[in-house]
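Here are the chains, one letter per residue:
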Amino acid sequence: MHTPNPNNFFVFDMDNTLIKTDKANNLAYTKALSSVLGINYTLDNCKRFTRKELKDIFPYLPQTQIDEIVTRKELYFESFLTETELNLNLFELLKQLRNQRCQTILLTNSHSGRAISLCNYYNLTKYFVLRFFREDCHGNKYSLLESLGFNLQKVVLFENEESCSLEAIKCGIKMENIIKVDF
């Protein structure tokens, strides 16, 4: 393996990049829907269920019920950690980068509680110099890096979502420094 540039920052997304989480997310939503609405609604575990889909499928629900479903989903998620899957190839790369004393950063749109649970479950915390969560980002997670003084030209990003990659490019991360991760 060629030695990475020590001046680069290696930034890892979590959901469906470092850890496949769709199934656990959807099972937690299913349980939350049952708990709040008293219905059995089966979700496709091959596609991530989101708040947007929740509002699209149940447009009549008041915001208070939407919020309660999401809150319970977050609480139930931890009981489905066994339904997640670590990207072993990316994990090996992360370990090698840290062993070479590279600057490795977790940058996720996940809420801190869920992301920390996943990091603890897979014993990942020690491999990140810094971790940033949804609560830290106030909008665009790549703008957060810039606001903290990171040179975005030196960021190497591991990301699975095309929309996030395009957002990263708009913020100044070089396209050639974005590694598209397929699980």
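Residues numbered from 1 in each chain as written. Predicted model: local features only at pLDDT ≥ 70, side-chain atom pairs only at ≥ 80, totals over all residues. Heavy atoms only, no water.

1. Re the packing of aromatic side chains
Line of reasoning, step 1. As enumerated under the stated definition, the model contains 8 aromatic pairs in all.
Line of reasoning, step 2. Ring centres of F9 and F150 lie 4.9 Å apart, and the angle between their planes is 85 degrees; on these two criteria the pair is classed as edge-to-face. Of this pair, F9 sits in strand β1 (residues 9–12) while F150 sits in the loop between α7 (141–147) and β6 (155–159), placing them 141 residues apart in sequence.
Line of reasoning, step 3. Using a relative accessible area of 18% as the deciding quantity, one classes F9 as buried.
Line of reasoning, step 4. For the ring pair Y121 and Y122, a centre distance of 4.8 Å and an interplane angle of 90 degrees mean the geometry is edge-to-face.
Line of reasoning, step 5. Through a chain of ring-to-ring contacts, the aromatic side chains of F12, F128 and F158 assemble into a single cluster.
Line of reasoning, step 6. Over the aromatic face of Y76 sits the side chain of K31, whose NZ or CZ is 4.7 Å from the ring centroid.
Line of reasoning, step 7. The positively charged end of R114 is found above the aromatic ring belonging to F77, 4.7 Å away from the centroid. (Phe/Tyr/Trp six-rings, centres within 6.5 Å; stacked < 30°, edge-to-face > 60°. Helix = DSSP H or I, 4+ residues; strand = E, 2+ residues; numbered from the N terminus. Buried < 20%, exposed > 50% of the residue type's maximum accessible area, 1.4 Å probe, protein only. Lys NZ or Arg CZ within 6 Å of the ring centre and 35° of its normal.)

2. As for the environment of R72
Line of reasoning, step 1. Turning to its location among the elements, R72 is positioned in helix α3 (residues 63–77).
Line of reasoning, step 2. Judged by relative accessible area, R72 falls into the partly exposed class, the value being 25%.
Line of reasoning, step 3. Sequence separation between R72 and A32 is 40 residues, and the spatial gap between their C-alpha atoms is 5.4 Å.
Line of reasoning, step 4. Filtering out sequence-adjacent residues up to four positions away, R72 remains in contact with A32, S35 and V36. (Contact = heavy atoms within 4.5 Å.)

3. With respect to the sheet that holds β1
Line of reasoning, step 1. Ordered in space as β5-β4-β1-β6-β7, the 5 strands form an open sheet in which the pairing is parallel. Pairing within the sheet leaves two strands with one partner each, and these edge strands are β5 (130–132) and β7 (178–180). Here the average twist between neighbouring strands, direction ignored, is 20 degrees.
Line of reasoning, step 2. Judged from the 4 bridges that link them, β1 and strand β4 (residues 103–107) form a sheet pairing that is parallel. (Pairing = 2+ DSSP bridges. Axes fitted to C-alpha atoms, helices over the stretch in contact; angles between N-to-C directions.)

4. A short note on the pattern of salt bridges
Line of reasoning, step 1. One pass over the full model with this rule turns up 12 salt bridges.
Line of reasoning, step 2. A salt bridge links R48 to D15, with the shortest nitrogen-to-oxygen separation between them at 3.8 Å. Taken together, the residues span a long stretch of sequence, with R48 in the loop between α1 (22–37) and α2 (51–57) and D15 in the loop between β1 and β2 (19–20) at a distance of 33 residues.
Line of reasoning, step 3. Accessibility expressed as a relative area gives 22% for R48, which makes it partly exposed.
Line of reasoning, step 4. The shortest N-O distance in the salt bridge between R72 and E68 comes to 2.5 Å. With R72 and E68 both in helix α3 and 4 residues apart, the pair spans about one turn of that helix.
Line of reasoning, step 5. In this structure E68 comes out as partly exposed when scored by relative accessible area, which is 31%.
Line of reasoning, step 6. Here the residues in one salt-bridge network are D15, D22, R48 and R114, joined through shared partners. (Salt bridge = Lys/Arg side-chain N within 4 Å of Asp/Glu carboxyl O.)

5. Observations concerning the nonpolar core
Line of reasoning, step 1. In terms of nonpolar packing, the biggest core is built from 40 residues, with F12, L18, I19, L54 and L124 touching the most fellow members.
Line of reasoning, step 2. Among the elements of the structure, β1, α1, α3, α4 (88–99), α5 (112–121) and β6 are those that each provide at least two residues to this core.
Line of reasoning, step 3. Excluding residues within four positions of it along the chain, F12 makes contact with L90, L94, L97, T104, I105, L106, L107, F128 and F158. (Core = buried A, V, L, I, M, F, W, Y, C linked by side-chain atoms within 4.5 Å.)

6. Details of a nonpolar patch on the surface
Line of reasoning, step 1. On the surface, L166, I169 and M175 cluster together into a nonpolar patch covering about 290 Å² of accessible area.
Line of reasoning, step 2. The residue L166 is located in helix α8 (residues 162–171) in this model.
Line of reasoning, step 3. When its relative accessible area of 44% is taken as the criterion, L166 is described as partly exposed. (Patch = residues over 30% accessible without salt bridge, like charges linked within 9 Å, V, L, I, M, F, W, Y side chains within 5 Å. Areas by Shrake-Rupley, 256 points an atom, 1.4 Å probe, with all protein chains shown as cover.)

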